[in-house]
Amino acid sequence: MNVLDYKYYYFIGIGGIGMSALARYFSYFDKEVMGYDRTATELTRQLESEGIKVHYEDHVSFIPQQLNPKNSLVIYTPAVPCEHTELKYFQKKDFTLLKRADVLGEITRQTYGIAVAGSHGKTTTSSLIGHILHEAAYESTAFLGGIVENYQTNFLIRGNQYTVAEADEYDRSFLKLSPKIGVITSIDPDHLDIYDDAEDFLQTFIQFSKKVSEQLFVRKGLPIENAITYGVESGADYDAIDVKIEEGAYHFGVQTPEGKYVDFVLNHPGRHNVENSMAAIAVALYLKVPVEKIKHALADFKGVKRRFNRWDFGDKTYIDDYAHHPTELNALTHTLRELFPGKKILGVFQPHLYSRTRDFMDEIAASLSAFDQLLLIEIYPAREKPIEGVSSATLLEKVDLNDKEVSSLEDAMNKIKTKSFDVLVTAGAGDIDTLVKPIKNWLNEH
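The rules we used
- Residues numbered from 1 in each chain as written.
- Predicted model: local features only at pLDDT ≥ 70, side-chain atom pairs only at ≥ 80, totals over all residues.
- Heavy atoms only, no water.
- Pairing = 2+ DSSP bridges.
- Helix = DSSP H or I, 4+ residues; strand = E, 2+ residues; numbered from the N terminus.
- Right-handed = clockwise from strand over helix to strand, strands pointing away.
- Salt bridge = Lys/Arg side-chain N within 4 Å of Asp/Glu carboxyl O.
- Buried < 20%, exposed > 50% of the residue type's maximum accessible area, 1.4 Å probe, protein only.
- Core = buried A, V, L, I, M, F, W, Y, C linked by side-chain atoms within 4.5 Å.
- Axes fitted to C-alpha atoms, helices over the stretch in contact; angles between N-to-C directions.
- Contact = heavy atoms within 4.5 Å.
- Expected span 1.5 Å × (residues − 1).

Draft legend 1. Focus on the pairing of strand 20 (residues 404-407). With 4 bridges joining them, strand 19 (residues 373-377) and strand 20 adopt parallel strand pairing. Among the inter-strand pairings, leucine 374 is bridged to a residue of strand 20, identified as lysine 404. Considered for its hand, the β-α-β crossover made up of strand 19, helix 12 (residues 392-398) and strand 20 is right-handed.

Rendered as structure tokens:
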């Protein structure tokens, strides 16, 4: 099967970050791309401006008449409920329906696939690899789980020889991929609504590692065998050494099995991002990208939207971050304390999913206790129904801070305006990003 053999491509859930990258891929090859999503967003409006037709009502009347099982491929996200009207229509009419992961699986089979897996770090790492290959003019395509600031898109293409893809563990999707190169950044348990327990989570990552046919790169310390390791001052095969911060940028050398390279610069904050860079550098060196080109691309990397985005307004700093798992929150607060020693930090956090809040309540509470003040937003449910006894109020009780309160998203802006702080941080994976623009406007005015 060649996924480029169709004329029409219909997406159910086209506005998702992974789905929209695939939509852009088929559009690049001059295919007719269209689809449905529940709500209009900045991303769906961008797709429409690129000539992709999007509608926002689940009704078969929006499906073009010219679509038939021979000329059309229907792609859907696992987040779409099985009672979805359009999904049921395509099933009944015998269209070829594939999940996003199946389509990515086919693309990685037909090209030189590079898949980046991990409970966190995979978006930044895959974006770095995609960016380095793109800058080095390799014939590559990258499907990314975030908007890369350098390009303002989640899809990069210079050709179809190499494919960089985020390997998503949700729904065990990454087992559909067939990569030549694999990267595993972290295996901290997550999605315990899908996995039985931490052991089940680990075993599935081990299964993924065995699907890598050529070379596996793993962060040092992870329980995965037969892999090349990378790390930061950890004695890994590919190790960042002599790491120092100068004017907010990380400067470091790289020790490899072949020798030592010096003068790497990363302008993106956080020691965990030096670690992500090491994975990208290891892969790039394996693919024979010249060292000077790797250095240039790394220094030029502006990061990914909602991954420690920073704005300065006089003596106030505002940061927005996607952190929603306790390990990510710890990395965020560690970076904040490193960059802003002695500053008063206000955290505004929106928990993502009732199940994740239940499974990691104590750990999330401990992470949030690293702020000076906390405004805790009500839980973002996504696909879930409420769970009895799980709420932002129960989470707040466990947070070890005096200055803390719960707020609705709608009232958060009013509460923020009453606080005194040096650094304001919004974090979470739900719809807390809708606060970014109003906060920036307010700080700009004041």
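Back to the write-up after that little detour.
Draft legend 2. Broad picture of the pattern of salt bridges. Inspection of every chain in the model, using the stated rule, returns 21 salt bridges. As a salt-bridge pair, aspartate 362 and lysine 398 come within 3.1 Å of each other at their nearest N and O atoms. Highlighted residues: aspartate 362 in helix 11 (residues 361-368) and lysine 398 in helix 12, separated in sequence by 36 residues. The class for aspartate 362 is partly exposed, based on a relative accessible area of 48%. A relative accessible area of 44% means that lysine 398 is categorised as partly exposed. Lysine 415 is the partner of glutamate 405 in a salt bridge, and the nearest nitrogen-oxygen pair spans 3.5 Å. With glutamate 405 in strand 20 and lysine 415 in helix 13 (residues 409-416), the pair connects residues that are 10 residues apart, well separated along the chain. A residue is classified by how much of its surface remains accessible, and glutamate 405, at 25% relative accessible area, is partly exposed. A network of salt bridges, in which partner residues are shared, links Asp403, Glu405, Asp411, Lys415 and Lys419.

Draft legend 3. Region of interest: the nonpolar core. If you look at the biggest cluster of nonpolar residues, it comprises 45 residues, and the most contacted ones within it are Ile114, Ile129, Phe252, Ile281 and Leu287. With 9 residues, the single largest contributor to this core is helix 7 (residues 271-286). Ranked by size, the runner-up nonpolar core spans 44 residues in total, among them Leu47, Val103, Tyr195 and Phe205.

Draft legend 4. Highlighting the sheet that holds strand 18 (residues 345-350). Judged by pairing direction, the sheet is mixed, and its 6 strands sit side by side in the order 16-17-21-18-19-20 without closing on themselves. Each of the sheet's edge strands pairs with one partner strand only, and the pair in question is strand 16 (309-313) and strand 20. Direction aside, neighbouring strands of the sheet carry axes that sit 15° apart on average. Sheet topology places strand 16 next to strand 17 (residues 316-321); 5 bridges connect them, and they run antiparallel. Bridging across to strand 17, aspartate 312 finds its partner in threonine 317. Each of strand 18, strand 19, strand 20 and strand 21 (423-428) is contacted by helix 13, which is oriented at about 140° to strand 20, the strand it contacts most.

Draft legend 5. Looking closely at helix 1 (residues 17-28). Its 12 residues give helix 1 an end-to-end C-alpha distance of 17 Å, which sits within 8% of 16 Å, the value for a rise of 1.5 Å per residue. Summarising burial for helix 1: 9 of the 12 residues are buried, a large majority. Of all the residues in helix 1, the buried ones are Gly18, Met19, Ser20, Ala21, Leu22, Ala23, Arg24, Tyr25 and Phe26.

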